[in-house]
Every structure is written in structure tokens, then in C-alpha cells.
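This is what each chain is made of:
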Amino acid sequence: MPPAVPDSAPGVARGTFNRGEAMKRLVDDEFDVLVIGGGITGAGVALDAASRGLRTALVERSDFATGTSSKSSKMVHGGIRYLQQRDFRLVYESLHERQRLLENAPHLVSPLPFLIPLFGRNGVVQKNVARAYSVALWLYDVTGGWRIGKRHRRVGAAEALSHLPTLRTDRLVAGFWYYDAWADDARLTLSIVRTAALDHGAVAVNYTEVDGLLRDSSGRVRGARVRALPLAATVPSPTNPTGPSSSTGPTSPTNPTGPSSSTGPTSPTSLTSPTSQTGSSSPASPTGAFEVRARVVVNATGVWADDVRALDEERHPHSLRPAKGIHVTVPRSKLPADIAAVIPVPKDRRSIFVVPWADGEDVYIGTTDTAWDGPLDDPACLPEDVDYLIGAVNGSVSDPLSRDDVTGLWAGLRPLLAPSGGHHLSERTADLSRRHSVRSSAGGLVTVTGGKLTTYRRMAEDTVDEVVRLLGSAAPSGLRRCRTPRLRLRGAEGLAALLEPRAARAHGLDEDVFSALVRRHGSETPAVLELASGRPDLLQPLVPGLAQLRVEAIWAAREEMAVTLDDVLSRRTRSSIRRAAATGEAAGDVAELLAGEWGRSSTEVASEAKAFAEQVLGELDRAGLGAGSSAERRSAQPGRTT
Ligand SMILES: Cc1cc2nc3c(=O)[nH]c(=O)nc-3n(C[C@H](O)[C@H](O)[C@H](O)COP(=O)(O)OP(=O)(O)OC[C@H]3O[C@@H](n4cnc5c(N)ncnc54)[C@H](O)[C@@H]3O)c2cc1C
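Residues numbered from 1 in each chain as written. Predicted model: local features only at pLDDT ≥ 70, side-chain atom pairs only at ≥ 80, totals over all residues.

**Things to note about the site of the ligand**
Part 1 of the reasoning: Around the ligand, the structure places 40 residues, and the nearest of them are Gly 37, Gly 39, Gly 67, Gly 302 and Gly 325.
Part 2 of the reasoning: Of all the secondary structure elements, the ones that give two or more residues to the shell around the ligand are helix 2 (40–52), strand 9 (208–215) and strand 17 (408–414).
Part 3 of the reasoning: In terms of residue class, the shell around the ligand is made up of 12 nonpolar, 21 polar and 7 charged. (Near = placed C-beta within 6 Å. Helix = DSSP H or I, 4+ residues; strand = E, 2+ residues; numbered from the N terminus. Nonpolar A, V, L, I, M, F, W, Y, C, P; charged D, E, K, R; others polar.)

**Observations regarding the packing of helix 16 (residues 565–572) against helix 18 (residues 580–598)**
Part 1 of the reasoning: It is at 10 Å that the axes of helix 16 and helix 18 come closest, and there the two elements cross at 125 degrees. Judged by the angle between their axes, helix 16 and helix 18 are oblique. In this structure, the crossing between helix 16 and helix 18 has a hand that is right-handed. Between helix 16 and helix 18, the residues in contact are Leu 565, Val 568 and Leu 569 and Thr 583, Ala 587, Val 590, Ala 591 and Leu 594, respectively.
Part 2 of the reasoning: Partitioned by chemical class, the residues of the contact of helix 16 with helix 18 number 7 nonpolar, 1 polar and no charged. (Axes fitted to C-alpha atoms, helices over the stretch in contact; angles between N-to-C directions. Parallel < 35°, antiparallel > 145°, perpendicular 65-115°, else oblique. Left-handed = near helix turned anticlockwise from the far one by under 90°. Contact = placed C-beta atoms within 7 Å.)

**Structural notes on the pairing of strand 7 (residues 172–183)**
Part 1 of the reasoning: Judged by how many residues are buried, strand 7 sits mostly within the fold: 10 of 12 residues are covered.
Part 2 of the reasoning: Where strand 3 (residues 75–76) and strand 7 come together, 2 bridges link them in antiparallel fashion. In the strand pairing of strand 7, Met 75 is matched with Trp 182.
Part 3 of the reasoning: By the bridge criterion, 11 bridges tie strand 4 (residues 109–121) to strand 7 in an arrangement that is antiparallel. Paired with Leu 118 across the bridge in strand 7 is Ala 174.
Part 4 of the reasoning: As paired strands, strand 6 (residues 153–156) and strand 7 are joined by 4 bridges and run antiparallel to one another. The partner of Arg 154 across the bridge, within strand 7, is Phe 176. (Buried ≥ 20, exposed ≤ 12 C-beta atoms within 10 Å, placed from the backbone. Pairing = 2+ DSSP bridges.)

**Overview of helix 5 (residues 127–143)**
Part 1 of the reasoning: An ideal rise of 1.5 Å per residue puts 24 Å on 17 residues; helix 5 measures up with 24 Å between its terminal C-alpha atoms.
Part 2 of the reasoning: Regarding helix 5, the residues found buried are Tyr 133, Leu 137, Tyr 140 and Thr 143. Around the axis of helix 5, the buried residues are gathered within 125 degrees of arc, so they sit on the same side. Exposed and oriented more than 90 degrees from the buried face of helix 5 are Lys 127, Asn 128, Arg 131, Val 135 and Val 142.
Part 3 of the reasoning: Looking at the buried residues of helix 5, the elements they touch are helix 3 (80–84), helix 4 (88–104), strand 4 and strand 7.
Part 4 of the reasoning: In the stretch just after helix 5, Gly 144 is the one whose phi turns positive, near 140 degrees. (Expected span 1.5 Å × (residues − 1). Arc of directions from axis to C-beta.)

**Thoughts on the packing of helix 18 against helix 19 (residues 602–622)**
The geometry of a pair of packed helices is captured by two quantities: the angle between their axes and the separation between those axes.
Part 1 of the reasoning: Between helix 18 and helix 19, the shortest axis-to-axis distance is 9 Å and the interhelical angle comes to 165 degrees. In this view, helix 18 runs roughly antiparallel relative to helix 19, as classed from their interaxial angle. Crossing of helix 18 over helix 19 shows right-handed handedness. Across the interface between the two elements, Ala 580, Ala 581, Thr 583, Gly 584, Ala 587, Gly 588, Ala 591, Glu 592, Leu 594 and Ala 595 of helix 18 pack against Ser 602, Val 605, Ala 606, Glu 608, Ala 609, Phe 612, Ala 613, Val 616, Leu 617, Glu 619 and Leu 620 of helix 19.

**Comments concerning the nonpolar core**
Part 1 of the reasoning: Of all hydrophobic cores here, the largest spans 175 residues; its most connected members are Ala 46, Ala 57, Val 298 and Val 590.
Part 2 of the reasoning: Every residue in contact with Ala 46, bar those within four places of it in the chain, is listed here: Val 35, Thr 56, Leu 58, Val 193, Ala 196, Ala 202 and Ala 204. (Core = buried A, V, L, I, M, F, W, Y, C linked by C-beta atoms within 7 Å.)

**Some thoughts on the confidence of the model for the chain**
Part 1 of the reasoning: Summarising the model, the chain shows a mean pLDDT of 86, and 84% of its residues fall at 70 or more.
Part 2 of the reasoning: Across residues 236–267, where pLDDT falls below 50, the model places 68 contacts with residues more than four positions away in sequence or in other chains.
Part 3 of the reasoning: Here residues 269–287 is a poorly scored stretch, pLDDT under 50, and it has 40 contacts once near neighbours within four places are set aside; other chains count. (pLDDT = per-residue confidence, 0-100.)

**Observations concerning helix 4**
Part 1 of the reasoning: Between its first and last C-alpha, helix 4 extends 24 Å over 17 residues, near the 24 Å set by a 1.5 Å rise per residue.
Part 2 of the reasoning: For helix 4, the elements touching its buried residues are strand 3, helix 3, strand 4, helix 5, strand 7 and helix 10 (456–471).

**A look at unusual backbone geometry**
Part 1 of the reasoning: Omega for the bond connecting Gly 366 with Thr 367 falls within 30 degrees of zero, at 10 degrees, which places this linkage in the cis form.
Part 2 of the reasoning: By the secondary structure assignment, Thr 367 is in the loop between strand 15 (362–366) and strand 16 (370–371).
Part 3 of the reasoning: Positive phi values are uncommon outside glycine, yet Lys 74 reaches one of about 70 degrees.
Part 4 of the reasoning: Considering the arrangement of structural elements, one finds Lys 74 in the loop between strand 2 (56–59) and strand 3.
Part 5 of the reasoning: The phi dihedral of Met 561 falls on the positive side, at around 55 degrees, and the residue is not glycine.
Part 6 of the reasoning: With respect to the helices and strands, the residue Met 561 is situated in the loop between helix 15 (550–559) and helix 16.

**What about the environment of Ser 441?**
Part 1 of the reasoning: Mapping Ser 441 onto the fold places it in the loop between strand 18 (436–440) and strand 19 (446–450).
Part 2 of the reasoning: Judged by local crowding, Ser 441 falls into the partly exposed class, with 14 C-beta atoms found within 10 Å.
Part 3 of the reasoning: Separated by 129 residues in sequence, Ser 441 and Asp 312 place their C-alpha atoms 8.0 Å apart.
Part 4 of the reasoning: Once residues within four sequence positions are removed from consideration, Ser 441 is found in contact with Asp 312 and Glu 313.

**Section: the environment of Glu 511**
Part 1 of the reasoning: For Glu 511, the position within the fold is in helix 13 (residues 511–521).
Part 2 of the reasoning: Counting along the chain gives 10 residues from Glu 511 to Pro 501, while the straight-line C-alpha distance between them is 6.6 Å.
Part 3 of the reasoning: Aside from chain neighbours lying at most four places away, what touches Glu 511 is Pro 501 and Ala 504.

**As for the environment of Ser 69**
Part 1 of the reasoning: On the secondary structure map, Ser 69 appears in the loop between strand 2 and strand 3.
Part 2 of the reasoning: A tally of 26 C-beta atoms within 10 Å means that Ser 69 is categorised as buried.
Part 3 of the reasoning: Taking the C-alpha atoms as reference points, Ser 69 and Leu 453, separated by 384 residues in sequence, lie 7.2 Å from one another.

Next comes the structure, spelled out in C-alpha cells:
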């Protein structure tokens, strides 16, 4: 066995995040750990394992974070409502992790003030309501909320209104103010993957799907069969009647059958109906399949975890209970808010969040929590979901929202653990635990399920502890200690200097534009801007009305393994979930910008842009919102700001 990867010096890139190179290593190398799934859990496991010195690979069948990890409410939080469920341990653990994230990724994770408005009649709040919140927030502080440096406090109606001016003055009496934290989930996930790859030598590749497991002669899982999937969805054309194209597909593995193994794996068992989330459903060509050898395989596939377990256990375990949650974006002019708010849902025991996007003139509202029995790849936002959110907000504001105000949306599935005893559809998913579980099968497949975005690091630590246990003497004792509690993510070092006003001036940029860039790229910001040197056109917005710049698309293609328009417009930037119609309109332009980066022809990118725009507008249609909301059309008019 080759020696394990030694420790890395912080800030020095010692691995690769180039897709072609990573693909070659995936085929050629042998690993201690292969992680299946590039959501935040798999990313966290890869970083934990690689930073302990284990030779680590990660494969993701779509783009990093395409699953639930780009569809969350984006809170890095303890979750006050889990106190109501008396899950004090979860809250304590989450608040501890919140603090670690604020320290390890200060560019990506920032404190966010929250307001809980208190409504009542004739200027009086029901005593039991006020007391319940007061006790919950006090408990939140003592469970670890105080670590953020500020405790909760009660505020008057005037102060509440100064932050959310359209709250109903006839009912608003007072409010509570407390702090949590916020992160762009997809960018956080990406940053964890890049840190694992660039700083700790992990090999990570998107659009690679596991469709079978390799076993040695004793039946132990020793790797996986992986298929390289087509990269771009395209619309059917006379020359490409099937639609999805793989002509520019992933770098062909140099040795599709994989290296021979001393452990002598047998033929993999296959997933019955693997599908891609890129909008492409055609299988990769047979030459796209290859084998990845690893001593231990980790299944971190979120709501798909049972499908991967079925490859190992040969029966579907039905251990998860997916719960759908949707969010909608509306212009801040329609729902003015400069802090987040917790809004009670009339006639429901739940609350929803209203959260301002930090770098723009819009806010999002979420979320729903409903059991989902439909296809895991397609948790649609439906008209009734949108109406639920709008109805909830309208119960608390004087300037009601309508469906026409929605400019973007997203839907995701929580990978909740089913209550023991199986699949109880009658139980409210909101009441199910957000704890995680790590288990290993008789064949040695380690599966991590459940949990939260906030607790990903802890989940990863528990998972890699199990991997190390399974590796036994093959894992040198010096490598067993988890290093992630204090491991800073890429872009965190050297941040302070970039947050000073003169840094923006030095780059000739407006302070707000520059600081928003730093919040996305941390100390890599100068390297991003370097790509725009001599190209002022690249400092223009990528999508009109949004803060992200054209140069960030180039950076995404070169340095962040973005290989499709959807990668760039939905996850590297969050344009499509904020301004769907404007993003659809800009897709052709963005495709042209990136054609050269991706080595694609104008025809190919035009076709991809058309397919992407259709997909984005189709999602609006399914939610009953038509082809772009009227608010977005109004805001797109020249000279008008939302
Ligand atoms: C509506 C909603 C709101 C939420 N809000 C919050 C919040 O505010 N704060 C918080 O802490 N948590 C929140 N969560 C929970 C959090 O988002 C999830 O716990 C977390 O993102 C799950 O990450 P994951 O990596 O386990 O799963 P995923 O992100 O789904 O990743 C699994 C990955 O595995 C890949 N995959 C599947 N099969 C294969 C295969 N065969 N081969 C290769 N790859 C495969 C998938 O493509 C996918 O990318 C929310 C969840 C939802 C749905």
C-alpha cells in the first residue's frame, strides 16, 4: 500500500481541482476512502478523511451540491424549534458547529440577526406566547447561542417596524431579536470540496455516478463501478436527435476497466435505474464506465442513500423519510426587510423564515415541510406550496404578496431518518428528528444519513471515525485524530485585509461590489479579479439585477469545476433561484462567454442555453407562476430598480 498523504501546509495548493486531472487520478490511483455523493455531507467526509491523511476520492453524479445541499434555507443554526421538541443535544451540537463555521469560513458564513414579531390584540400579546418565546430564546442562549457574542433581547414595535416596515401595525405589539448565521449552501459545499482537493490532496469529480460496488473474494466492499455522465443538457436538434450530448463529455478515463486489484473484486452489482439530475437521462457510453478501488466506501448520498445501500444489501432498506421544502424569492420592494424574520403560519404550528439575500435587492421566504413520496430527482415546487408561503407572509404584513411577485424558487428534500418501525406517512415530517446516523454494513459499506447542513462537520467526523475503525491497522495511529474543528476553509486566510475599504479602491471597485465578492470568494478574490485584467466587460453583472460578475463565470469554469450552464447559473452563482426569467434570458450570453472555456461550439452552447432557459421557465410554470413573474418583468425594465 502506498504511503498515506502527509499533512499539508495551509494555503498552499497541493492537489488539483482540474476535472481532467482528477478523473485520471480517479482511474489510476487506489484510495483508502471513496466517498459517494458530493453534497455537504460527502464533501465534509472527504475533507475530514483527506485532512487526516487518508487517500481520498469523491464522486458526485451530478454537480457538487445539486441535491439537497443547494436547496436548504441556508441557515447555520441551532434551530429554536428543536428546543420545543426537547432535542437539546441537537441544538447544543448545532450551535457548537455554527461557531466553528463562523471561525473556519468567515467569508462564507456570517451572523444574521433575526426578528420574531409578537402579534396581539389591543396592544397586548398573549402572555403564554411571549413567555414561550422568552424561555425558548433564553434556552437557546444558554445552549450555545451566546457564543456568537450577543444574547437575545425584547424590542418594541417601533424597532421591529424599522426593520420590517410592512408588518401589520394593527396587530404588532413587540418582538424578540436574536442571532443566528447564514451561508450560501452550494458555495459552502463547493468550498469544502475544493479545500479537500486543493489543500489536502483529495480527488473529487462531478458528473460521475456509482452504479455498482466492487467486492473482494471475502465479500468486502472494495470500491465502486463509476460511470462518467454527459455534461450538458441540450435541446434536440437535427444533428443531435436524442438531446443530451456527451460529445464534449468528461475526460475519457485512460483505463476504463480500471487497474487490476490484489483484492480481486468481483463484478459490481448494478443500480436498477440510475438517472442524472442535469436534465439528461441518457446513459453514458459503455466506455464511460470504470472502476475505482478503495479500502472503504462511504455512502453519503442524502435522500438517495437507500438506493446505494440496496446495491450492497440487495434489498431496499426504506430507512429514510424524505420531506419536501420549498422557498420563493420576491423583490425586497414588495417585502422590505433588512434582517431575517420568523413569521408564524396561521392555523399551523409552524413558522417560516423571511431572509434578505445579503448581496441584493431581494428576499426569500421558506419553507414548507411535507412528506414526499414522489421521484427523488424531481421535488417540484407546486402552486399549493407557493400559496402556503405567500399566505403565511400575508397573515403578518399590510402589503400582501401575490404569486406575481415571485421571481425565483427552489425545492429540496430533507434526508430525514424514518422513525424506527418504518415508513409512517401519518407523522408530521416537521416533527421528525434532524439527528444523523452512521452505520456500516456486513460488507463494510459505511452509510451516513440524516443531519443538517449546520452539523455536516460533526457528521463527517463520526463517519471518518468509523472508516478509521474499519481500516484498522491500515490506518496509522498518527492519522486518526480529526483535524476539522479548527481547519479553515479555502479563502479564509488573509480575509481581514480584504475587508478594509482601501482594498476595494486598490482594485478600482465599488466597496459594496468588492465586499460582496469577498463574501463569495474570500482571499481568492484578487485571483478572481486578475482574470478580468484588461477586460472591463468582465466586471459587468452576469445577470442583470444581480451582483455576481461575468468574471465569476470564467472563474467558475476554470477553478470551480463548473461544466454546465446550470452549474454556473444555479450553484456557483445563485441567479436562477433568485431571478429565474432574467437568468433564462441571460443564458445565451453566458453560454457564449463560456464556450471557449469549455471548448464547445457556438451551436452547442446555444442549444444548451435554450435547454437551460426552458428548464428554468418550466419550473416557474409548474409552480403556477407562468413564464416569469410580473414583478420580475417590471424590475427588468431599464432604469427601474426593485
Ligand atoms: C427545504 C430544506 C431546508 C433546509 N434548511 C436547512 C437549514 O437552514 N440549515 C441546516 O442546517 N440544514 C437545512 N436543511 C438540511 C440540509 O440541507 C441537508 O441536511 C443537507 O444538505 C444534506 O446534505 P447531503 O450531502 O446529505 O445530501 P445531498 O446534498 O442531497 O447530497 C447527496 C448527493 O449524492 C449524490 N448522489 C446520489 N446518488 C449518487 C450515486 N449513485 N453516485 C454518485 N453520487 C450520487 C446526489 O447527486 C447528491 O448531490 C434543509 C433541507 C431542506 C430540504
